[in-house]
Amino acid sequence: MASEQFKTELKNFKINLDEDAIEYIGGMLSDMTLTDHDEVRESTETFLVDANIHDMIRSAFYKSLFSSKVFQGNTTVADTSSKPVRLSTKPTTTREKATPVKPVEKEDITSPATPATTKRVTLAEKRAARKNTKAKGETSEEEPVLVAISQQSRFHTETLETSNKEIDLPGVQISINQLDLLVDAHLRLKPLIRYGLVGQNGVGKSILMKCLADNILVGIPQNLNILHISQLEDFDESTTVVEEVLSADKKAAVAIREYEVLRRVIGDNAPASNQQNKSNQELNKVVFTIMQSRVKDKVDEANRLATKRSGLRGREARKELVKLEKEYSDFCANDPQTFVTADMVNTVISEVFERLELIDQEERLNRAKKLLKGLGFSQEQSTSLISTFSGGWRMRIALAKSLFMRPDILLLDEPTNHLDLPAILWLQEYIKNDTGDMIVVIVSHDREFLNNVTEETIILKDKKLKYHPGNYQDWEINTEEQRIRKQTLLDNTEKRRKQILSSIQQNMQQAKSTGDDKRHGMVNSRRKKLDRLGMEKTEDGKRFKQSYRVGFHTDNRVAIEVEKSVKTATIKIPEPSQLRYNGPVFRMSDAAFRYSKTGKNAIEPFSINIDPNARIAFIGPNGCGKSTLLNMLTGKTEPTSGQVYRHALLRIGYFSQHLVDQLDVNLSPVESMMAKYPELTEQECRAHFGTIGISGKLVLQKIRSLSGGQRNRIAFAMILYERPHVLVLDEITNHLDMGTVEMLVDALAGYSGALVAVSHDVWFLKQILEAESNEEEDDSDDDVIPSQNEVFTIKNGHVQKWDKGIDAYVASVLRTVKKQNKV
């Protein structure tokens, strides 16, 4: 039987799988066509991958399996059981000793797969996983189908290379699962320009950046190095932070690794001319391994293109992949001792030493440390293992890797998320001063950051790309001015149209009653004026002529189209019930906190009274004690000294990223709400979520399928249900788009309860604190009681009041950042 033969081969190759897995595989094999080797392998290989079986061992396993009588039929799987493991791209440090990579024998079947080889079976794993989940009766989401094309000329070649780094692609069309994101758009990116890519959530900004980074669009020069930060989020847990950053430059890492392997054999110096005939068994093995690794890199690159491309280009890429895999298989079948010649040895050694001479290892190390320091890593943290860091810090590592690479085009998607203000300001200065001739494209919802960094704005709207020569604020002002101007012109035009129509009607009546033929001439003249109403020039500044424009036109002018503002779902915060109490809602008296009796205070003794309608902000770098202070304020922790008073009936709505992470992603928003409040009906839950912009099918979808901004809204809605008297918001603007942040600001402006905020979004802080105070200054009503608007800075646990305004604080932090960069 097929299952027995499968278990026999597992024993022969010493592969250990769980009994449940073997039984499940046996059930699958009984329902398959055993001569369809591709289906058998795709369905079962995922279990071998999970067991960390190397891809070459897996290939040998399936060759042996398919050659048995049960699985009769020819197989194209090459016997690669004697192939040596490829060289790792991990750089060797002074603490490590490079060793020659030995060939893999059958005893080495438990060798873990390297990251590069694991990528080669990604599609097979996904297909097998989908089949397995369907067989188990579980629901699974289909892999999205992405199609991206652009207009091509008959002179276009796939391997187009140019010395010009500019991208100019007309006719760009991008769709995902047959949903159009871009239709006949024009993509233009010029060197030395920093672009801000803006648009509502879900319009396709990240998909466009993915298409650029993955080289899916035809027409992109193949010699351009395009880097997207999402490509660098896979880490080797066993490396240190600085080593991980250095490994981002794979060419340099491989060159260093090849040198270290050769150095073990030939020493530190390149061979002289009288040593060119030197060749021994160990050197042949090392040279053969280096050559094999280079061929393997070509196969991996071909596999990457074949995986991502579709249609005719995908077919050609798969043909090239099959060709290279055959070459690789033939190469691995050679005996290093007979295949490697003295000329090959000399050539490889010369190439390795030449490549190493081009690498300034000290400069690379210093640059990596400088990047990590700017992003908030201490000297101790930069030499710590990746496994010790959480998600926010890992995003910083990925950002450091992308900046370290110095690509031709740098794509940054929400780079300020999880960064504190000093790191945001450092990144701002780095992008402005150290990106050289790169093309930088940034997607961000941080207005202040975009305004300070970008020089041009790309607007993705209505499935088109529009370009504005200025930052986001300039585009926003210009758009509003254009909207007002066009609305005024439209109003005047409509008024004039009514007058002309009225005149035409009167003249026709008079001509009919009096028989005056001259009146008909006046009517025709006014009809011509009616046709000439509208914009005299098109958007590109040219006069409108029907003969120059494709299609049918009802008049001789361009229609006046007023730019419609983007509609963002409003947010409504329920008013809290009256406490019937005139004192402060929070009172802290010399409250301090420390995590251990012997340790230093995380928060030094601090006193504050917070009024029922107060607006309070705590600002400072990550790790200064902001969250500790909020936990002590809200009662999650008690002070180790001093007192914290809270009204007995006070309801607190505490929003934090921890609250978002606690959401059960396997439930829908409605199910989560009903689990927390069993007395609510589904309709009541839907109505409540509608107040914060989550409606329709979204409230019934699993939370795992929702975006980060939508999850933030759900968590916010959960704390609003109890109508809190105080809102404590810790980094609530993360993942929210600009329109949603505006709606949140408007909602908080009408909230009568107290607000305590922690945020690194400068624009958000200025709106909730300074904008409101300015309105009160302009209010002439003497009976209005001024609200308590205060800003406190936290540094090393010391909390101090800041009276100079948000801009002054940002300026002081920026001076500190610049001073540290000069050191």
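For every chain, the first residue of the written sequence is number 1, and numbering continues from 1 along that sequence. Reporting of local features is limited, given that this is a predicted model, to residues whose pLDDT is at least 70; pairs of side-chain atoms are given and counted only at 80 or more, and all residues count toward the totals for whole chains, interfaces and linings. Where side-chain values are given, they derive from all heavy atoms of the structure, hydrogens and water being excluded.

The chain goes by ABC transporter domain-containing protein in an unreviewed UniProt entry, where it is assigned to Mucor saturninus.

A. Expanded view of the pattern of salt bridges. The term salt bridge refers to a side-chain nitrogen of Lys or Arg lying within 4 Å of a carboxyl oxygen of Asp or Glu. Scanning the entire structure with this criterion turns up 21 salt bridges. Notably, a salt bridge pairs R646 with E638, separated by 3.7 Å at the nearest N-O pair. Given the relative accessible area of 23%, R646 is considered partly exposed. The rule is simple: take the accessible area with a 1.4 Å probe, protein chains only, and divide by the maximum for that residue type; under 20% is buried, over 50% is exposed, in between is partly exposed. The class for E638 is partly exposed, based on a relative accessible area of 49%. Between E671 and K702 there is a salt bridge, with the nearest N and O atoms lying 3.7 Å from each other. With E671 in helix α23 (residues 669-676) and K702 in the loop between α24 (682-690) and α25 (708-720), this pair connects stretches of sequence that are 31 residues apart. One connected set of salt bridges, linked through shared partners, spans E258, R294, E351 and R355. Under the scheme used here, helices are H or I runs from DSSP no shorter than 4 residues and strands are E runs no shorter than 2 residues, and both carry numbers assigned from the N terminus.

B. Examining the nonpolar core more closely. Nonpolar cores are built from buried Ala, Val, Leu, Ile, Met, Phe, Trp, Tyr and Cys residues. Side-chain atoms within 4.5 Å join them into one set. With 92 residues, the main nonpolar core has I573, F689, F716, L727 and L748 as its most contacted residues. Ranked by the residues each element gives to this core, the list is headed by helix α17 (residues 421-434), at eight residues. Only heavy atoms enter the contact rule, under which two residues are in contact if any of them lie within 4.5 Å. Once you skip the residues sitting within four places of it in the chain, L748 turns out to touch I573, R615, L727, L729, L755, F764 and I768. Counting 33 residues, the second-largest nonpolar core is a separate cluster that includes V172, L212, A213 and I220.

C. Main features of the environment of I768. Relative to the helices and strands, I768 resides in helix α27 (residues 762-778). According to the relative accessible area criterion, I768 is buried, its value standing at 6%. Along the backbone, I768 and A757 are eleven residues apart, and their C-alpha atoms lie at a distance of 9.2 Å. Each residue touching I768, except ones within four places of it in the same chain, is listed here: R615, L748, L755 and A757.

D. Examining the pairing of strand β3 (residues 179-189) more closely. Paired strands are those between which DSSP finds at least two bridges. Judged from the seven bridges that link them, strand β2 (residues 167-176) and β3 form a sheet pairing that is antiparallel. Within β3, the position partnered with V172 by the bridge is A185. Following β2, the chain reverses through two residues before pairing antiparallel with β3; N177 in that reversal takes a positive phi of roughly 55 degrees.

E. How the structure looks around α23. When α23 is considered as a whole, its buried residues turn out to be P669, V670, S672 and M673. Seen end-on, α23 carries its buried residues on one side only, within an arc spanning 160 degrees. Buried residues along α23 sit in contact with α24 and α25. It is the directions from the helix axis to the C-beta atoms that the arc portrays.

F. Quick peek at the confidence of the model for the chain. In this model, the chain carries a mean pLDDT of 77, and residues with pLDDT of at least 70 account for 77%. pLDDT measures the predictor's confidence residue by residue and takes values from 0 up to 100. In the model, residues 773-786 has pLDDT below 50 throughout and makes four contacts with residues more than four positions away in sequence or in other chains.

G. Geometry of the sheet that holds β3. The strand order β1-β2-β3 describes an open sheet built from three strands, whose pairing is antiparallel. Of all strands in the sheet, those with a lone pairing partner are β1 (146-149) and β3, marking the two edges. The sheet shows a mean angle of 20 degrees between the axes of neighbouring strands, direction not considered. Angular values range over 0 to 180 degrees, each being the angle between N-to-C directions of two axes fitted as lines to C-alpha atoms, with helices fitted over their stretch in contact.

H. Spotlight on unusual backbone geometry. Look at K463: it is not a glycine, yet its phi comes out positive at around 65 degrees. You can see K463 is positioned in the loop between β8 (456-461) and β9 (464-468). If you check the backbone angles, D590 has positive phi at about 50 degrees while not being a glycine. Relative to the helices and strands, D590 resides in strand β10 (residues 586-593).

I. Spatial organisation of α17. One less than the residue count of a helix, multiplied by 1.5 Å, gives the span that helix is expected to have. Across its 14 residues, α17 extends 19 Å between first and last C-alpha, which sits within 8% of the 20 Å expected from 1.5 Å per residue. Regarding α17, the residues found buried are L421, A423, I424, L425, W426, L427, Q428, E429, Y430 and I431. Capping the start of α17, D420 holds a side-chain oxygen 3.1 Å from the backbone nitrogen of A423, two or three residues further along. G436 lies just past α17 and shows a positive phi near 55 degrees. Counting of polar contacts relies on pairs of N or O atoms within 3.5 Å, with two restrictions inside protein: one atom must be capable of donating a hydrogen and the other of accepting it, and residues adjacent in sequence are counted only when both atoms are side-chain atoms.

J. Layout of the pairing of strand β7 (residues 439-443). Counting buried residues along β7, five of its five residues qualify, which places the element largely inside the surrounding structure. Burial along β7 is two-sided: I439, V441 and V443 facing one way and V440 and I442 facing the other are all buried. Strand direction decides the pairing type here: strand β6 (residues 409-413) and β7, joined by five bridges, are parallel. From the neighbouring strand, L411 faces β7, where its bridge partner is V441. A clockwise path from the first strand over the helix to the second, with the strands pointing away from the viewer, defines a right-handed crossover. Handedness of the β-α-β unit built from β6, α17 and β7 comes out right-handed.

K. Geometry of the environment of F235. Along the chain, F235 falls in the loop between β5 (226-228) and α8 (241-246). Residue classification places F235 among the buried positions, given a relative accessible area of 17%. Residues F235 and S387, spaced 152 residues apart in sequence, show a C-alpha to C-alpha distance of 9.0 Å. Contacts of F235, omitting those with residues within four sequence positions, involve E244, I386, R394, I397, A398 and K401.

L. How the structure looks around the packing of aromatic side chains. Two rings from Phe, Tyr or Trp (for Trp, the six-membered ring) form a pair when their centres sit within 6.5 Å of each other. Planes less than 30 degrees apart are called stacked, planes more than 60 degrees apart edge-to-face, and all others tilted. Applying the stated criterion to the full structure yields 17 aromatic pairs. Judged by centre distance (6.1 Å) and plane angle (85 degrees), the ring pair of F288 and F339 falls under edge-to-face. Within this pair, whereas F288 is found in helix α10 (residues 281-308), its partner F339 is found in helix α12 (residues 336-339), the two being separated by 51 residues in sequence. By relative accessible area, F339 is classed as partly exposed at 24%. A connected cluster of aromatic rings, assembled from ring pairs, spans F6, F13, F61, Y62, F66 and F71. If you follow R188 out to its NZ or CZ, it ends over the ring of Y467, 4.2 Å from the centre. Any Lys NZ or Arg CZ that is within 6 Å of a ring centre and within 35 degrees of that ring's normal is treated as a charge sitting over the ring. Over the face of the ring belonging to W763 we find R447, whose NZ or CZ atom lies 4.3 Å from the ring centre.

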